[in-house]
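Listed below are the residues making up each chain.
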Amino acid sequence: MASAFVKDTIKANKVVVFSKTYCPYCVKAKRALQQLTTNFHVVELDQRGDGDAIQDALLDLTGARSVPRVFVAGKFIGGGDDTAAKAASGELKTLLADVGAL
């Protein structure tokens with residue numbers, strides 16, 4: 001069930017962040033996205049009863065269950081440091097523009 005939720009959420013949104021409200025790396029990823037666009041969907045796992053199951057599904061999908069897990073156009077682009085680095089290099093802006101999320 002969690003696996004279907006993860007896949008459906010990724011499919012239904014151009015940009016998705018699986019996050020926890022208190023995680024500094026999650027804040028870093030969301031801040032990088034907010035500086036470029038407000039057009040992204042956030043799933044706060046610590047505010048859901050099935051957060052652990054969703055993290056297990058993310059492990060199967062991405063090879064790790066740590067958060068954040070950031071997806072653009074269905075593709076996993078990394079975590080907080082990865083997203084911030086892509087923002088700094090301009091790569092994130094290009095990815096967002098390519099999928100119409102700017």
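As a reminder, the structure under discussion sits directly above these lines.
Since the model is a prediction, treat every value here as computed from it, not as a measurement.

Visitor: So what's going on with the packing of aromatic side chains? Which residues, and what values?
Guide: Applying the stated criterion across every chain, the model contains two aromatic pairs. Relative to Phe-71, the ring of Phe-18 has its centre 5.9 Å away and its plane inclined at 85 degrees; by these criteria the two rings are edge-to-face. Taken together, the residues span a long stretch of sequence, with Phe-18 in strand β1 (residues 15-19) and Phe-71 in strand β3 (residues 69-72) at a distance of 53 residues. Pairing Phe-71 with Phe-76 gives two aromatic rings, centres 5.5 Å apart and planes at 50 degrees, and the pair type is tilted. Given a relative accessible area of 27%, Phe-76 falls into the partly exposed group.

Visitor: Give me the nonpolar core: which residues, what numbers.
Guide: Of all hydrophobic cores here, the largest spans 14 residues; its most connected members are Val-6, Phe-18, Leu-45, Ile-54, Leu-58 and Phe-71. Sorting the residues of this core by element identifies α1 (2-12), β1 and α3 (51-62) as the ones contributing at least two each. Setting aside residues no more than four positions away along its own chain, Ile-54 makes contact with Ala-2, Phe-5, Val-6, Phe-18, Leu-45 and Arg-48. If you look at the next biggest cluster of nonpolar residues, it comprises twelve residues, including Ala-32, Phe-40, Ile-77 and Leu-92.

Visitor: Quick rundown of the side chain of Thr-83? Include the residues and the values.
Guide: Assignment of secondary structure puts Thr-83 in helix α4 (residues 80-89). Classification of Thr-83 as buried rests on a relative accessible area of 0%. Those residues in contact with Thr-83, other than ones at most four positions away along the chain, are Ala-29, Ala-32, Leu-33, Val-70, Ile-77, Gly-78 and Leu-92.

Visitor: Account for unusual backbone geometry, with residues named and values stated.
Guide: With an omega dihedral of 5 degrees, the bond running from Val-67 to Pro-68 counts as a cis peptide bond. Its location among the elements puts Pro-68 in the loop between α3 and β3.

Visitor: Report on the packing of helix α2 (residues 24-34) against α4, specifying residues and quantitative values.
Guide: When two helices pack together, their arrangement is given by the angle between the helix axes and by the axis-to-axis distance. Interaxial distance between α2 and α4 falls to 8 Å at its minimum, and their mutual angle equals 25 degrees. Between α2 and α4, the angle is such that the two are roughly parallel. Handedness of the crossing formed by α2 with α4: left-handed. Residues Tyr-25, Lys-28, Ala-29, Ala-32 and Leu-33 of α2 touch α4, and the partners they reach there are Gly-80, Asp-81, Thr-83, Ala-84 and Ala-87. In the contact of α2 with α4, the residues fall into six nonpolar, two polar and two charged.

Visitor: Before we move on, could you go through the sheet that holds β1 and cite the residues and values that matter?
Guide: The sheet built from four strands is open, its strands ordered β2-β1-β3-β4 with mixed pairing. Across the chains shown, the open sheet's two edge strands, defined by having one partner strand only, are β2 (41-44) and β4 (75-78). Neighbour to neighbour, the strand axes of the sheet diverge by 25 degrees on average, direction disregarded. The pairing of β1 with β2 spans four bridges and is classified as parallel. Bridging across to β2, Phe-18 finds its partner in Val-43. Sheet contacts for α3: β1, β3 and β4; angle to β3, the most-contacted strand, approximately 60 degrees.

The rules behind the values
All residue numbers refer to positions counted from 1 along the written sequence of the respective chain. The model is predicted, so local features are restricted to residues of pLDDT at least 70 and side-chain atom pairs to those at 80 or more, both for listing and for counting; the totals for chains, interfaces and linings are taken over all residues. Side-chain metrics rest on all non-hydrogen atoms present in the structure, leaving aside hydrogens and water. Stacked, tilted and edge-to-face pairs are distinguished by plane angle, under 30 degrees for stacked and over 60 for edge-to-face with tilted covering the rest, among Phe, Tyr and Trp rings (Trp via its six-membered ring) whose centres lie within 6.5 Å. Going along the chain from the N terminus, every DSSP run of H or I of four or more residues is numbered as a helix, and every run of E of two or more is numbered as a strand. Throughout this description, buried means an accessible area under 20% of the type-specific maximum (1.4 Å probe, protein chains only), exposed means over 50%, and partly exposed covers the range between. Definition of nonpolar core: a set of buried residues of the types Ala, Val, Leu, Ile, Met, Phe, Trp, Tyr and Cys, connected through side-chain atoms within 4.5 Å. Contacts are assigned to residue pairs with any non-hydrogen atoms lying within 4.5 Å of each other. Lines fitted to C-alpha atoms define the axes here, with helix axes fitted over just the stretch in contact, and angles between the N-to-C directions of these axes take values from 0 to 180 degrees. By definition in this entry, angles of less than 35 degrees are roughly parallel, angles greater than 145 are roughly antiparallel, angles of 65 to 115 are roughly perpendicular, and the rest are oblique. By convention, the crossing between two helices is left-handed when the near helix turns anticlockwise from the far helix through less than a right angle, and right-handed when the turn is clockwise. As a working rule, the residues Ala, Val, Leu, Ile, Met, Phe, Trp, Tyr, Cys and Pro are called nonpolar, Asp, Glu, Lys and Arg charged, and the rest polar, with Gly in that last group. When DSSP finds at least two bridges between two strands, those strands are taken to pair.

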